[in-house]
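Single-letter residue listing:
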Amino acid sequence: MSPSVSSSLAAADRPSGAVPLRPSCGANRVLRRETLALDGGLVIDAATKAIAPNISMSVNNILTPGDGAFSAEGVADLTALPFLYARWTNPTVRQLEQRMAALEGADDALATATGVAAIAATFLTFLKKGDHLIVSDVCYAGANELARRILPDYGIEVTAVNMSRLGELAAAFRPNTRLVHCESPCNPILRLTDLAAVATLAHRHGALVSVDSTLATPVATRPLALGVDLVIHSLTKFINGHGDALGGIVCGCKDLVEKIRSRAGVYLGATLSAQNAWLVMRGIDTLFPRLRTVSDSALRIARFLGDHPGVTSVTYPGLETHPQHDLAKRQMDVFGGLLTFQTENPQMMAVRLASKLRVAHYAFSLGHQRSIVVLLDTAEMMHSTYRLEGAQLADYRTFAGDGVFRLSVGLESVDDLVEDLDQALSA
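Residues numbered from 1 in each chain as written. Predicted model: local features only at pLDDT ≥ 70, side-chain atom pairs only at ≥ 80, totals over all residues. Heavy atoms only, no water.

A. Broad picture of the packing of aromatic side chains. Throughout the structure, instances matching the rule amount to four aromatic pairs. An angle of 80 degrees between the planes, with centres 6.5 Å apart, marks the rings of Y316 and F335 as edge-to-face. Of this pair, Y316 sits in the loop between strand 12 (313-315) and helix 12 (325-331) while F335 sits in the loop between helix 12 and strand 13 (338-342), and the two are 19 residues apart along the sequence. On the basis of an interplanar angle of 45 degrees and a centroid distance of 5.9 Å, the ring pair of Y386 and Y396 is categorised as tilted. Of this pair, Y386 sits in helix 14 (residues 378-386) while Y396 sits in helix 15 (residues 390-400), and the two are 10 residues apart along the sequence. In this structure Y396 comes out as buried when scored by relative accessible area, which is 0%. Between the NZ or CZ atom of K237 and the centre of the ring of Y140, over which it lies, the distance is 5.7 Å. (Phe/Tyr/Trp six-rings, centres within 6.5 Å; stacked < 30°, edge-to-face > 60°. Helix = DSSP H or I, 4+ residues; strand = E, 2+ residues; numbered from the N terminus. Buried < 20%, exposed > 50% of the residue type's maximum accessible area, 1.4 Å probe, protein only. Lys NZ or Arg CZ within 6 Å of the ring centre and 35° of its normal.)

B. Here's a closer look at the packing of helix 4 (residues 115-126) against helix 9 (residues 254-267). The N-to-C vectors of helix 4 and helix 9 enclose an angle of 95 degrees; their axes lie 9 Å apart at closest approach. Taken as axis vectors, helix 4 and helix 9 run roughly perpendicular relative to one another. For the pair formed by helix 4 and helix 9, the contact residues are A121, T122, L124, T125 and F126 on the first element and L256, K259, I260, R263 and A264 on the second. (Axes fitted to C-alpha atoms, helices over the stretch in contact; angles between N-to-C directions. Parallel < 35°, antiparallel > 145°, perpendicular 65-115°, else oblique. Contact = heavy atoms within 4.5 Å.)

C. How the structure looks around empty space enclosed by the protein. Enumeration according to the criterion identifies three cavities of 30 Å³ or more in this entry. One number sums up the size of the largest cavity: a volume of about 50 Å³. Around the largest cavity, the lining residues are F238, G241, R290, L291, V294, G367, H368, Q369, V409 and L411. A breakdown of the residues in the lining of the largest cavity according to their chemical character gives five nonpolar, four polar and one charged. Approximately 40 Å³ is the volume attributed to the second largest cavity. P185, L190, L215, M332, F335, G336, G337 and L338 together form the lining of the second largest cavity. Taken together, the residues that form the lining of the second largest cavity break down as six nonpolar, two polar and no charged. Formed jointly, the lining of the second largest cavity draws a minimum of three residues from each of two domains, domain 1 (33-282) and domain 2 (287-426). (1 Å grid on protein atoms, 1.4 Å probe; cavity = no way out; pocket = protein on both sides within 12 Å on 5 of 7 lines; lining within 4 Å. Points joined across faces, edges and corners; volume = space filled by probe spheres on them. Nonpolar A, V, L, I, M, F, W, Y, C, P; charged D, E, K, R; others polar. Domains from an automatic or database assignment.)

Fair warning: the whole summary comes from geometry, so function is off the table for now.
In structure tokens form, the structure reads like this:
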């Protein structure tokens, strides 16, 4: 745990799971995360007394001469300045950043236009020519392809390892290793990473650790409390929860986030719109009840599918059959709304599901209020993204076989979802 986070949680008499109320909320009390999902960073409109956050669509703000705080190397700390220009900081986006920082127990956060933009901002801030990145061999495709195909063009060395095998990770470190990027659970095979163990190992070698926690969300896991330096989310997914707004964010201690903001936030131009920030905050209002509901439904569906004659395998961290179930119980408060399953003849089954499902939808993406399922064919994933061989490919196939159906569970009646899957799988 970073000093900034541990000091904020130091008071012994604070209720379990509570973090300090943000100054913008106007009190020195401690609120639990369920409340911070609603009130973290919330600013009541001074003129109208409106409770819901405003959408500030103005690109420009009135500037008073002498308000600037710029250094010879660029902008010092944009969040310490009055609002000037929407590409740098925006009142609505800033409320979103403060709310996510509160939920993660972080000092600060930088919101971006997409999750990939948050990952790129992190990579391009802390890596330069001659540096070395260790990345999970299986993680979100956009992050994996950015790391392994684009960064080497700029002289950055990249090694992909199975983050669940600490011996392999330890052997991958070099004197120039600057960053370790992992994901837990990883998309799409739901393999877990022991975040505390990875952070300890990386810090021993002087490297930072970033984790994509999109599938877990702050409801399930708080990586900063496990020693991770930076937490990244695709806000598009479970945090927004409505499938109607793109966004990304990176959370961490003030010094690290300030470096990302002053470089990527200013010069890469991947600014989150105020409209999308407002929509994402709308989603965060219901994050905790949504995630608990979809987690409960996912566990029931996983158990149903495990007994279905048309299904050959099911992977879900909440199942005792998951090979890392003990780690899931230690690291996750809920097990999430995503599961995978395998069938015979997956390509044929994909056609059947696409035509027969009436409640769930056959489509890409995940984390929406509606259930979504799609086939991720192993051969296609190897060709398009991961390109694993040998032991790494064998490990992938342990979780995925010839292909997995990734099911993102929504808020429909779980009985309707079970009946829908049953009729489609059995047709």
